Structure formats: C-alpha cells, structure tokens
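Close look at the chain arrangement
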Amino acid sequence: MESSEPIIKLVGLGKEFQTANGPIKALDDINLSIEEGEIFGIIGLSGAGKSTLVRCINYLEIPTSGDVFFENESLAAMSPKEQRMARQAMGMIFQQFNLLDQRNVLQNVCFPLEIAKWPRKKAVNRAKDLLKVVGLEDRAKAYPAQLSGGQKQRVAIARALATNPKILLCDEATSALDPNTTKSILDLLKEINKSMGVTVVVITHEMSVIEAICDRVAIIDQSHIAEVGSVAEIFSEPKSKIGRQLILGDAAEQVSRFGGSRQVRISFDGRSSFEPVLANLILACKVPVNIMHAETRDIHGTAMGQMVIQLPEDETEQNRVLNYLKTAKISHEEVKDYDI
C-alpha cells in the first residue's frame, strides 16, 4: 500500500456553485492524499459536500480553486483530451446504477469500451470476463428491468472496470440496497481491490460501510475535512465533534437526560475483543457503574470504539474506578454531558 507519491492528491480544493441567491461554497480548502491500492472512505452527513468532492476528483465537476493530482500530474494543467484519458483511468459507480435500459447486461458493460473505440470482439471478450468477476456470466442477455438492485450494481461495477481503471469511485453505491445485498457488494469491492489492485474510494453517509471495507477514512463536515485517519483510530478516538456524532449517534442526548454524577469515556483502541474490560473493572473495584452508551466493534479480533459509563455518587468509589482504569492502562477521559 505504500507509495512514493499518492495516486490522488487534493491540494487546497474548493468548489463554488452560482445560484440566484448568490454563490454557495460546496467545498473549501480540501487537502487529501489517497494511497495507491487502499480502500479510502469519505463520510459525512447529507449536504456535507461528499458527492461534489468525488465528482471533482475525476473532473466531472471542475474545481473553483486548488488542484487535483492524479499520479502526480495536475488535472488542471492537462488538455481536455488528457483529462478524458485520466477520467478513463477512474471508474465510477453510483447509487442509482445508471444502466442503459435498452441495452442488455453485456451491452451495458461494453458501452465504455465502444466510446474508447475498442474492437468489438475484444470488447465483448473483456465484458464477458468482467461478468465472471462480478458473478453474472449467466445474465449476459438479461435487461436491467429483469435484474435485482444488487445485480444492477454488479453490472455497474463490471462496466466501471471495463477500461482497466486504476481507481474505482463509489458514490453512495450501496445506499439503495438492503443490508444483505450491501454486504455482498462490499465483499465484491474488497475482492476487486485485493485481486486487481484497484484503489477504491467509497463515498457514504453510513459508518457501517466504512467499518466493513475501508483502510482509512476522511470525515467531511460543512464543506471542510474535519479529520482523517485509519478506521481503527477514528472509531476508537474521534477527535472532531462530527466524528463523535457519526460514531456515537445520539449518545450525548442520552447522557444529558440522565444527569447526575461523573461520566467517563473509555476508548477501545487495540485490546482483544475477548477481554471483558467492564466486568473486570466491576469485579476489581467492587462498585457498580452505569453504562450510558456503548459503540464497540470487533475489527479483526480487536475491540474498537467507545463506552460511556457513569460512576457511582460516592467519591471514594469514583476514585477506585479511575485508579483501576489508570493502572490497567485502559484509555479513558472524563467527559461532560455536552462533550460526548
């Protein structure tokens, strides 16, 4: 995954849209590096600017300011023809599949190859190979109306891979799918990344998608990048308010309603998933604690996430718990209602 230069580098990227009510800033001073071969996630709430960002990466939207570097070459400095060539090296899949209804599955996958002026026989063979990759070789003659949502997205993935792209841009690619179909599509993207070495950029508003597939993640909030880090780092200790909101959900509201004594946030950032941290704490300290919120995940046998506990009213018992956490080297911090 290491590379001397990132495959994509965004420097001071900005995008404004002109409206009847004046300019709207969709992106402001975005700086990001995406390494070759990784699965990189970009997450944010609706309207944060993520879809605009992915469309600026492949110059479907021309940035208002800043620059996009693809394999260390500035897209802004390229001629229109060179930009088209760069765009061919970036396949893209969308939430609504965008298949051509009047074409069958094989013809849909062939479509970008026709545009790229591939010989027909070579294009058909390439399309057939890709339909095997996505598990749809038996549906080559079916039309989009005859396919399920998951099958349509598999066709869209095959089509996006047709021109041998180095990057696959996925804009909310699983948002229209049910959980089981989402898992199968994410597994497919992971396999494509591993077997073909294609760099995958995933745009989503769902933390579960980031957790399932990504190596690193950037959180975008109100047109700015709030934080960037490995999935493990962000899940165990989000540094931004929006990061805590995306991971902890409505935990802040739950805690503030309860009120009362001191509260502590425990961060799970590398301990074994099989270690009963809270049970050990209670047994060792002989005091009860109240779990206000828990958001933990088993990522490859490692516990990642956070838990907010309320300490007992008695100050001696509070100190016993805090001393135990410190001695056991369990990452923690005291929090206020509004800070969670």
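Nothing here was measured: the structure is a model prediction, and the numbers come from that model. Throughout this document, residue positions are counted from 1 along each chain, in the order its sequence is written. Given that the model is predicted, a residue must reach a pLDDT of at least 70 before its local features are reported, and side-chain atom pairs must reach 80 or more before they are shown or counted; all residues, however, enter totals for whole chains, interfaces and linings. To get the side-chain values, all heavy atoms of the structure are used, and hydrogens and water are removed first.

**Let's talk about the layout of surface pockets**
The condition is simple: Note on definitions: the grid is 1 Å and covers protein atoms alone; a cavity is a set of points where a 1.4 Å probe fits but cannot get out; a pocket is an open set with protein on both sides within 12 Å along at least five of seven lines; lining residues have an atom within 4 Å of a point. Grid points are joined across faces, edges and corners, and a volume is the space filled by probe spheres set on the points. In this text, helices come from DSSP runs of H or I with a minimum length of four residues, and strands from runs of E with a minimum of two, each type numbered from the N-terminal end. Under this grouping Gly is polar, as are all residues other than the nonpolar Ala, Val, Leu, Ile, Met, Phe, Trp, Tyr, Cys and Pro and the charged Asp, Glu, Lys and Arg.
Looking at the largest pocket, its volume works out to about 590 Å³. Lining the largest pocket are 19 residues, and of these R87, Q88, M90, M92 and P112 sit closest to its centre. Put simply, the parts of the chain that give the lining of the largest pocket at least two residues each are helix 2 (80-88), strand 6 (90-94), helix 3 (105-115) and helix 5 (149-161). The greatest single-element share of the lining of the largest pocket, amounting to four residues, is contributed by strand 6. Grouping the constituent residues of the lining of the largest pocket by class yields 11 nonpolar, five polar and three charged.

**Details of the UniProt feature "domain: ABC transporter" (unreviewed entry) in the chain**
As a reminder of what qualifies: UniProt positions are given in the numbering used here, feature names are shortened, and annotations may be inferred rather than shown by experiment.
If you check UniProt for "domain: ABC transporter" (unreviewed entry), the listed places come out as residues 8-247 in our numbering. Summarising residues 8-247: 39% helix, 28% strand, and an end-to-end C-alpha distance of 27 Å.

**Description of unusual backbone geometry**
Rule in force here: The classification of residues rests on relative accessible area computed with a 1.4 Å probe and restricted to protein chains. Under 20% of the type maximum is buried, over 50% is exposed, and intermediate values are partly exposed.
At F97, a residue that is not glycine, the phi angle is positive and equals roughly 70 degrees. With respect to the secondary-structure elements, F97 resides in the loop between strand 6 and helix 3. Taking the relative accessible area as the measure of exposure, F97 reaches 10% and is therefore buried. Positive phi is not limited to glycine here, since K286 has a value of about 55 degrees.

**Observations regarding helix 12 (residues 315-327)**
Threshold: Multiply 1.5 Å by the residue count of a helix minus one, and that product is the helix's expected span. Directions pointing from the helix axis toward each C-beta atom define the arc.
The terminal C-alpha atoms of helix 12 lie 18 Å apart, and with 13 residues this matches the ideal 18 Å at 1.5 Å per residue to within 8%. For helix 12, every residue scored as buried is listed here: Q318, V321, L322 and L325. Projected down its long axis, helix 12 carries its buried residues within an arc of 95 degrees, all on one side. For helix 12, the exposed residues lying more than 90 degrees away from the buried face are T316 and T327. Phi turns positive one or two residues past the end of helix 12, at K329, with a value near 55 degrees.

**Focus on helix 1 (residues 50-57)**
Counting buried residues in helix 1 gives six out of eight residues, a clear majority hidden from the surface. For helix 1, the complete set of buried residues consists of K50, T52, L53, V54, C56 and I57. Y59 sits one or two positions beyond helix 1 and adopts a positive phi of about 65 degrees.

**Comments concerning the sheet that holds strand 4 (residues 65-70)**
Either a parallel or an antiparallel arrangement is found when strands of a sheet pair, and the pairing is made through backbone hydrogen bonds. The cut-off we apply is this: Two strands pair under a simple rule: DSSP has to find at least two bridges between them.
Spatially, 2-1-4-5 is the arrangement adopted by the four strands of the open sheet, whose pairing is antiparallel. Edge positions in the open sheet fall to strand 2 (22-34) and strand 5 (73-74), since each of these has one partner strand only. Pairing of strand 1 (residues 8-19) with strand 2 involves nine bridges; the strand directions are antiparallel. Paired with K9 across the bridge in strand 2 is S33.

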